[in-house]
Amino acid sequence: MLTIDPKRSLLLIRNANRLIGMAKLVDIPCLFTEQNAMGLGSTVKGLPVEKGKLIHKQFFDACRENSFLDRIPIDAHVVVAGCEAHVCVQQTVLGLLNA
């Protein structure tokens, strides 16, 4: 499961935690991205981001970041959730489809 650029919203945090919890129950690995943390702020504290599972990015499409695609198995089915669906989520999904 890939959570893209989570923002500070109680509803988003609650729903993201539900998705993350379900992914852990069925042994689906989780990754997170963080868009321009220096300029936009870091990932919210209410999400259980494990060490080494956060990818910092500057591009809307996470696939353009160095070594991002190395973290996604070639034959993986990826569940994508996040904010800015019309930009970062869409661009990353399109990048995954083209990878």
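One structure accompanies this document, and this report is about it. All of these numbers come straight from a predicted model, not from anything done at the bench.

**Structural notes on the overall build of the protein**
Regarding its fold elements, the protein presents three helices and four strands. For the protein, the N- to C-terminal ordering of α and β elements is β-α-β-α-β-β-α. Here the C-alpha atoms of the protein give a radius of gyration of 13 Å, agreeing with the 13 Å that 2.2 N^0.38 yields for 99 residues. For the protein, the spread of C-alpha atoms along the principal axes amounts to about 35 × 35 × 25 Å. Burial status across the protein gives 35% buried among its 99 residues. Carbon and sulfur atoms make up 59% of the accessible area of the protein, which amounts to about 6,400 Å² in all. Looking at charge distribution, the protein has the averaged site of its 11 positive side-chain charges lying 8 Å from that of its 9 negative ones.

**Regarding the layout of surface pockets**
In this model, the largest pocket occupies a volume close to 200 Å³. Forming the boundary of the largest pocket are 13 residues, of which Met1, Pro29, Pro73, Ala76 and His77 lie nearest the centre. Across the lining of the largest pocket, the residue classes tally to eleven nonpolar, one polar and one charged. In terms of lining residues, the second largest pocket is bounded by Leu69, Ile72, Pro73, Ile74, Ala76, Val78, Leu96 and Ala99.

**Quick look at the pattern of salt bridges**
Taken as a whole and judged by the stated rule, the model has one salt bridge. Lysine 24 is paired through a salt bridge with glutamate 50; the nearest N and O atoms lie 3.5 Å apart. One end of the pair, lysine 24, is in helix 1 (residues 10–25); the other, glutamate 50, is in the loop between helix 2 (37–40) and strand 3 (54–57), with 26 residues separating them in the sequence. Given a relative accessible area of 38%, lysine 24 falls into the partly exposed group. Residue glutamate 50 is classed as partly exposed on the basis of its relative accessible area of 43%.

**Let's talk about a nonpolar patch on the surface**
A contiguous nonpolar surface patch, about 390 Å² in accessible area, is contributed by Met22, Leu25, Val26 and Ile28. By the secondary structure assignment, valine 26 is in the loop between helix 1 and strand 2 (31–35).

**Remarks on the pairing of strand 3**
Of the two faces of strand 3, only one is covered, namely that formed by Ile55 and Lys57; the face formed by Leu54 and His56 stays uncovered. Where strand 2 lies against strand 3, four bridges are found, and the strand directions are parallel. Looking at strand 3, one finds that glutamine 35 is bridged to lysine 57.

So, how was this worked out
Residues numbered from 1 in each chain as written. Predicted model: local features only at pLDDT ≥ 70, side-chain atom pairs only at ≥ 80, totals over all residues. Heavy atoms only, no water. Helix = DSSP H or I, 4+ residues; strand = E, 2+ residues; numbered from the N terminus. Rg over C-alpha atoms; globule rule 2.2 N^0.38 Å. Buried < 20%, exposed > 50% of the residue type's maximum accessible area, 1.4 Å probe, protein only. Areas by Shrake-Rupley, 256 points an atom, 1.4 Å probe, with all protein chains shown as cover. Lys, Arg positive; Asp, Glu negative; His and termini not counted. Charge placed at Lys NZ, Arg CZ, Asp CG, Glu CD. 1 Å grid on protein atoms, 1.4 Å probe; cavity = no way out; pocket = protein on both sides within 12 Å on 5 of 7 lines; lining within 4 Å. Points joined across faces, edges and corners; volume = space filled by probe spheres on them. Nonpolar A, V, L, I, M, F, W, Y, C, P; charged D, E, K, R; others polar. Salt bridge = Lys/Arg side-chain N within 4 Å of Asp/Glu carboxyl O. Patch = residues over 30% accessible without salt bridge, like charges linked within 9 Å, V, L, I, M, F, W, Y side chains within 5 Å. Pairing = 2+ DSSP bridges.

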